Amino acid sequence: DAGVIQSPRHEVTEMGQEVTLRCKPISGHNSLFWYRQTMMRGLELLIYFNNNVPIDDSGMPEDRFSAKMPNASFSTLKIQPSEPRDSAVYFCASTPGRTGELFFGEGSRLTVL
Amino acid sequence: GIQVEQSPPDLILQEGANSTLRCNFSDSVNNLQWFHQNPWGQLINLFYIPSGTKQNGRLSATTVATERYSLLYISSSQTTDSGVYFCAVERYNFGNEKLTFGTGTRLTIIP
């Protein structure tokens, strides 16, 4: 069975550019999570969706960040404009129900120059 | 919010040794998971264990929910066990449940 699929795996961009990260959750999973991991702050939950509806976006750092889930099999995390401090690994994860066992994708490593 | 503490923060062992990693949490939980982040950055599910004991090969985990701790045992360590081990917990919150992660235990297995 396919796991959580993220793209791109690596992204290098310049400050001010728009970045879009993509995620396909495990088929049949109802909840999708976006995390950010840095050395300084560890793993941070940015936003999560249940049945395609955003439930909690309190972790989104600022208005430059936005996330969408137009259908059950696809989500995007967008940063516009990007800044060097956004450099991090962004993980997408999904669970079968509103809660339960969490499965991570392989992450998208973002570097903003 | 719920607090999660992992110990020890760092552990260096010879290949073949056994280890015990601990996770303490500050409130009752309905979900507890252990993850391994390997040196390539992948976060891998080890156990979903809100209570009781589970075993998977050389790894086993025990959660004593009433005493608010969980233990991860690794026997006969191999170099591929190196990485960071995270404990994450969740408690019921009226439809807004989300996992809270500990800061991890960094395990280094020396050949």
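For the structure, see preceding data.
Residues numbered from 1 in each chain as written. Chains lettered and ligands numbered in written order. Predicted model: local features only at pLDDT ≥ 70, side-chain atom pairs only at ≥ 80, totals over all residues. Heavy atoms only, no water.

1. Side note on the overall build of chain B
Applicable threshold: The secondary structure listing takes helices from DSSP runs of H or I that are at least 4 residues long and strands from runs of E that are at least 2 residues long, numbered from the N terminus. Radius of gyration: C-alpha atoms only; globule rule: 2.2 Å multiplied by the number of residues to the exponent 0.38.
Looking only at helices and strands, chain B features zero helices and 11 strands. Along chain B, from the amino end to the carboxyl end, the secondary structure elements read β-β-β-β-β-β-β-β-β-β-β. Taken over the C-alpha trace, chain B has a radius of gyration of 14 Å; the compact-globule value for 111 residues is 13 Å, and the two agree within 12%. A principal-axis box enclosing the C-alpha atoms of chain B has dimensions of 45 × 25 × 20 Å.

2. Re the sheet that holds strand β7 (residues 59-64) of chain B
All names here are of chain B. Selection criterion: Any two strands are treated as partners once DSSP identifies two or more bridges connecting them. Angles here are taken between N-to-C directions and fall from 0 to 180 degrees, while the axes themselves are lines fitted to C-alpha atoms, restricted in helices to the stretch in contact.
The strand order across the open sheet formed by five strands is β1-β3-β8-β7-β6, and the pairing between neighbours is antiparallel. For this open sheet the edge positions go to β1 (4-7) and β6 (52-56), each flanked by a neighbour on one side alone. Here the average twist between neighbouring strands, direction ignored, is 15°. Alignment of β7 against strand β8 (residues 69-74), held across six bridges, turns out to be antiparallel.

3. Details of the packing of aromatic side chains
To keep it simple, the criterion reads: Working definition: rings of Phe, Tyr and Trp (its six-membered ring) pair if their centres are within 6.5 Å, and the pair is stacked with planes under 30 degrees apart, edge-to-face with planes over 60 apart, and tilted otherwise. Throughout this description, buried means an accessible area under 20% of the type-specific maximum (1.4 Å probe, protein chains only), exposed means over 50%, and partly exposed covers the range between.
Inspection of the entire model under this criterion finds nine aromatic pairs over all chains. Judged by centre distance (6.4 Å) and plane angle (25°), the ring pair of phenylalanine 33 of chain A and tyrosine 35 of chain A falls under stacked. Ring geometry for phenylalanine 86 of chain B versus phenylalanine 101 of chain B: centroids 6.4 Å apart, planes at 80°, classification edge-to-face. One end of the pair, phenylalanine 86 of chain B, is in strand β9 (residues 83-90); the other, phenylalanine 101 of chain B, is in strand β10 (residues 100-101), and 15 residues separate them in sequence. Using a relative accessible area of 7% as the deciding quantity, one classes phenylalanine 86 of chain B as buried. Judged by its relative accessible area of 13%, phenylalanine 101 of chain B is buried. Each residue in the set Phe33, Tyr35, Tyr48, Phe91 and Phe104 of chain A together with Phe35, Phe86 and Phe101 of chain B is aromatic and connected to the rest through ring pairs, giving one cluster.

4. Structural notes on the interface of chain A and chain B
Going by this rule: Contact definition: two residues touch when any of their heavy atoms are within 4.5 Å. Buried area: the accessible area, evaluated with a 1.4 Å probe, that two parts lose upon being put together, summed over both parts. Throughout this description, the term salt bridge denotes a Lys or Arg side-chain nitrogen within 4 Å of a carboxyl oxygen of Asp or Glu. In protein, a polar contact means a hydrogen-donor-capable atom and an acceptor-capable atom, both N or O and within 3.5 Å, with residues adjacent in sequence counting only if both atoms are side-chain atoms; elsewhere, any N or O pair within 3.5 Å suffices.
With 17 residues of chain A at the interface, the matching set in chain B holds 18 residues. Across the interface of chain A and chain B, roughly 1600 Å² is buried in total on both sides, 49% from carbon and sulfur atoms. When the buried area of chain A at its contact with chain B is split by residue, Arg98, Glu101 and Phe104 of chain A rank highest and sum to 27% of it. Two residues, lysine 98 of chain B and aspartate 56 of chain A, come together in a salt bridge whose shortest N-O distance is 2.3 Å. Summed over the shared surface of chain A and chain B, the result is seven residue pairs in polar contact (both at pLDDT 80 or more). Of all the elements in the fold, those that place two or more residues in the side of chain A that touches chain B are β4 (31-38), β5 (42-50), β6 (53-56) and β10 (103-104) of chain A. The element best represented in the side of chain A that touches chain B is β5 of chain A, accounting for three residues.

5. Considering the environment of asparagine 24 of chain B
Residues and elements named next belong to chain B. Tracing the chain through its elements places asparagine 24 in strand β3 (residues 19-25). Discounting chain neighbours no more than four positions away, the residues touching asparagine 24 are Gln3, Val4, Glu5, Arg68 and Tyr69. At 2.8 Å, the side chain of asparagine 24 and the side chain of arginine 22 are in polar contact.

6. A short note on the side chain of asparagine 31 of chain B
As for its position among the elements, asparagine 31 of chain B is in strand β4 (residues 31-37). With residues up to four places along the chain from it excluded, the contact list for asparagine 31 of chain B reads Thr99 and Gly100 of chain A together with Tyr48, Pro50, Ala88, Val89, Glu90 and Leu99 of chain B.

7. Focus on the state of the cysteines
Where two cysteines share a covalent bond between their sulfur atoms, that bond is called a disulfide. All names here are of chain A. Here is the rule: In what follows, a disulfide is any cysteine sulfur pair within 2.5 Å.
Under the defined criterion, the tally for this structure stands at two disulfides over all chains. Two residues, cysteine 23 and cysteine 92, share a disulfide whose sulfurs are 1.9 Å apart. Judged by the sign of its S-S torsion, about -70°, the bond between cysteine 23 and cysteine 92 is left-handed. With a gap of 69 residues between them, cysteine 23 in strand β3 (residues 19-24) and cysteine 92 in strand β9 (residues 88-95) connect regions that are remote in the sequence. Each member of the pair, cysteine 23 together with cysteine 92, is buried.

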